[in-house]
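If you want the building blocks of each chain, they are given just below.
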Amino acid sequence: MPRGWVMWALFLSSYAPMFLLIGLRSIGRYAGVAVAAGVLAILGACATWIFLGSARAKSGGRYQLLEVENRDADVAAYAATYLLPFILVFGGAWQDLASLAAFVVFLGFVYVRSRIIYVNPVLALAGYRLWRVIPITAGAAVPVAGSPWPRYLLARTSHLSRGQVITASRVTSDLLIRSKEEDNDDSDGH
Amino acid sequence: MTATGTELRGSLEAAVADPRVTTQLLLAWRRSDTAPFPPTYRVELVDLDQGVAAAFLAFAALAAPVVDRGNVIPYDPDYLLRAGECFVLPKSDWPGGDLFVQLDDFLNLARFMRRRLTKPRLYVLAVASEKGTAFFGKTMGALRVLSQRSGVFAAVWDGSTFNALAESVATFSSTFDWVIWDEKLYVLNAAGFHAEFRDIKSIRQAVRAHVEAITSGTLKIINSEALITRCQANVAMASKLQRIAIEGIQRHDIDELKNYASEYGIAVKWDGESLVFEDTFTTQWSILTLLDEDRTEGPVSHRKYEASSKRVIETTA
């Protein structure tokens, strides 16, 4: 199970652009919402920075990828929630504010309790792509039965292949992030 | 008896010095301390900060030269290795129950998550590079886990004030008991290695059978119950007894044994054709010294030596 603070950091990070849009739409209409959305957007940006810094600070391991599948398309699932700022009608009534807050909290719980936690448009904007991989320790015998569980991998590359050996850190039990050095090597090479 | 140690050893030093090397820490607990040997282990992967990983890697770099260039001593569980010496065990001879099997895919082991750190049996450092993965192991018997609830009061110094320890803290050594590299297990610290992987319990349990085997021929031992009790209390004696039962000189003629003891000053007491075990600090080893033929003579200098650890060699004419 992923750590709580990582999940909430990813949630804030993931919805930082939506908070920003809500804030922009609220300017001149409802100051409280604009300020709250602005704070959440800043927190989201900070959370992204803290998440990446924390993940990169961990010692990595050398994994061999038995299976590789790109999951960038999952990011599109966010399009629906990003429409929220455009359908909001700000009347200033407490019911509007309460329902908006309840929606964000509900979204948060759904987010942290589901596998969509790793689908993060902000990380996508930063160049990270989401992969579903089955990794084993580089050099380990490939299991005949009971293959290892799949993990998600964040990597700034568009090229990963079966059998490839990568260096990655384990952020949570089922999320890896590829080392900065290898990501940089890829970006230099392309 | 010291080999040069040049056979089939990889360049571990180069692997550890690889700039892209990765370092991981594993903690291992025995599933049950009372289960029969060999034990089974629960091994967990610990998240390491890169700074801590670098510190561990520095320790591994210190151990690597011993493996690469150290003197290889033929494996003898009773021989205490000196600095720069090591035993080498091929994969077929590795002890450790399921521990080493689990190390194969160590990155897929469960993460160490528990808030309160209970004392592991051992820790293993996995150092991986393009050249392969080396494992550096250390028994945690002599190391400490300090926690709020432990018997000692632990405090941390922040530069100006002592603060009570809020979390459990493990202490680690800068040396290792054993290293695995290139499918070979190098034992660097025999005492630490055997403390974890040798079946001390069964060696103690076999003492009586070994004494009976030794005395099943012409040679008898008076006060053998005291010898059994003493050997059961002392693993080194029990281990030596085991070797004597297999390849000791107890089947030789009694007069031959008496002459040997007399000529080489082995302080055994005889009662007719029987040895008498004297349970004193100075004489408790005498019978074992005699039957393991510990005292010998150099063929050139004709000096007399005591060699408690030895192995049979084959010479060519």
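Every residue gets a number counted from 1 within its own chain, in the order that chain's sequence is written. Starting at A for chains and at 1 for ligands, labels are handed out in the order in which the entities are written. Owing to the predicted nature of the model, reporting of local features is limited to residues with pLDDT of at least 70; listing and counting of side-chain atom pairs is limited to 80 or more, with chain, interface and lining totals taken over all residues.

Visitor: Sorry if this is basic, but what is going on with the overall build of chain B here?
Guide: Helical segments are the DSSP runs of H or I of at least four residues, strand segments are the runs of E of at least two, and each set is numbered from the N terminus. Regarding its fold elements, chain B presents 10 helices and 17 strands. The buried share of chain B, taken over its 317 residues, is 31%. Of the contacts formed within chain B by residues at least 6 apart in sequence, a portion of 66% connects residues at least 24 apart. Residues with at least 20 other C-beta atoms within 10 Å of their own are called buried, those with 12 or fewer are called exposed, and the rest are partly exposed. The C-beta atoms themselves are positioned from the backbone. Two residues qualify as being in contact provided that their C-beta atoms, derived from the backbone, are within 7 Å of each other.

Visitor: Just to check I follow, could you spell out the overall build of chain A for this structure?
Guide: Each helix and strand in chain A was counted, giving seven helices and five strands. Here chain A, with 190 residues, has 32% of them falling under the buried criterion. Intrachain contacts of chain A at a sequence separation of at least 6 include 74% that bridge at least 24 residues.

Visitor: What is the right way to read the pairing of strand β1 (residues 22–30) of chain B from this model?
Guide: For a regular strand, side-chain orientation follows a simple rule: the groups alternate between the two sheet faces. Residue and element names in this part refer to chain B. Most of β1 is tucked away, with seven of its nine residues classed as buried. Only strands that DSSP links by at least two bridges are regarded as paired with each other. As judged from the seven bridges shared by β1 and strand β5 (residues 122–129), these two strands associate in the antiparallel manner. Across the sheet, L26 pairs through a bridge with V124, a residue of β5.

Visitor: Looking at this structure, I do not really get the environment of B:I254. What am I missing?
Guide: Along the chain, B:I254 turns up in helix α9 (residues 254–263). For the pair B:I254 and B:G97, spaced 157 residues apart in sequence, the C-alpha separation works out to 43 Å.

Visitor: Looking at this structure, how should I read the environment of B:S129?
Guide: All names here are of chain B. The topology assignment puts S129 in strand β5. Residue S129 is classed as partly exposed on the basis of its C-beta count, with 19 C-beta atoms lying within 10 Å. Residues S129 and L45, 84 residues apart in the sequence, show an inter-C-alpha distance of 18 Å. Discounting residues that sit within four places of it in the chain, S129 has contacts with A15, D18, R20 and V21.

Visitor: Mind showing me how you'd approach helix α2 (residues 31–56) of chain A here?
Guide: Helical geometry note: an α-helix holds 3.6 residues per turn, so side chains three or four residues apart project in the same direction. Residues and elements named next belong to chain A. What a helix is expected to span follows from its residue count: subtract one and scale by 1.5 Å. Relative to the 38 Å expected for 26 residues at 1.5 Å per residue, α2 spans 37 Å between its end C-alpha atoms, a close match to the ideal helical length. The set of residues buried in α2 consists of V33, A37, L40, A41, G44, A47, T48, F51 and A55. In this fold, the buried residues of α2 make contact with α1 (4–26), α5 (94–112), α6 (121–125), β4 (165–172) and β5 (175–178).

Visitor: Would you take a moment to explain the domain arrangement of chain B for this structure?
Guide: Accessible area lost on assembly of the parts is the figure often given for the size of an interface. As far as domains go, chain B holds domain 1 (12–198) and domain 2 (202–306). An automatic or database domain assignment supplies the start and end points of every domain. Each of domain 1 of chain B and domain 2 of chain B was reduced to a C-alpha centroid, and the two centroids are 37 Å apart.

Visitor: Before we go on, may I ask you to explain the nonpolar core in this structure?
Guide: A general tendency of soluble globular proteins is for nonpolar side chains to be buried together. Defined on buried residues, the nonpolar core groups Ala, Val, Leu, Ile, Met, Phe, Trp, Tyr and Cys residues joined through C-beta atoms within 7 Å. Counting 88 residues, the largest nonpolar core has B:L26, B:V124, B:A134, B:F136, B:V179 and B:Y186 as its most contacted members. Sorting elements by how many residues they give to this core places α1(A) first, with nine residues. Core analysis: the next-biggest nonpolar cluster, separate from the first, contains 23 residues, B:L227, B:L241, B:I244 and B:L257 among them.

Visitor: Can you help me understand helix α6 (residues 207–214) of chain B in this one?
Guide: Residues and elements named next belong to chain B. Among the residues of α6, V207, H210, V211 and I214 are the ones counted as buried. The arc that holds the buried residues of α6, viewed along the axis, is 100°, so those residues lie on one side. Next to the buried residues of α6 lie α5 (200–205), α7 (224–233), α8 (235–247) and α10 (286–291). Throughout, the arc means that of the directions going from the helix axis to the C-beta atoms.

Visitor: When you look at the interface of chain A and chain B in this model, what are you seeing that I'm missing?
Guide: On the chain B side, the residues contacting the 17 residues of chain A number 18 residues. If you list the elements that add at least two residues to the side of chain A that touches chain B, you get β1 (61–70), β2 (129–137) and β4 of chain A. When residues of the side of chain A that touches chain B are assigned to their parent elements, the largest contribution, three residues, is made by β1(A). By the convention adopted, Pro, Cys, Tyr, Trp, Phe, Met, Ile, Leu, Val and Ala count as nonpolar, Lys, Arg, Asp and Glu as charged, and the other residues, Gly among them, as polar. Taken together, the residues of the side of chain A that touches chain B break down into seven nonpolar, seven polar and three charged.

Visitor: I keep staring at the environment of A:N120 and nothing clicks. Help me out?
Guide: Residues and elements named next belong to chain A. The topology assignment puts N120 in the loop between α5 and α6. Assessed through the 25 C-beta atoms surrounding it within 10 Å, N120 is described here as buried. Not counting residues up to four positions away in its chain, the partners in contact with N120 are L10, S13 and S14.

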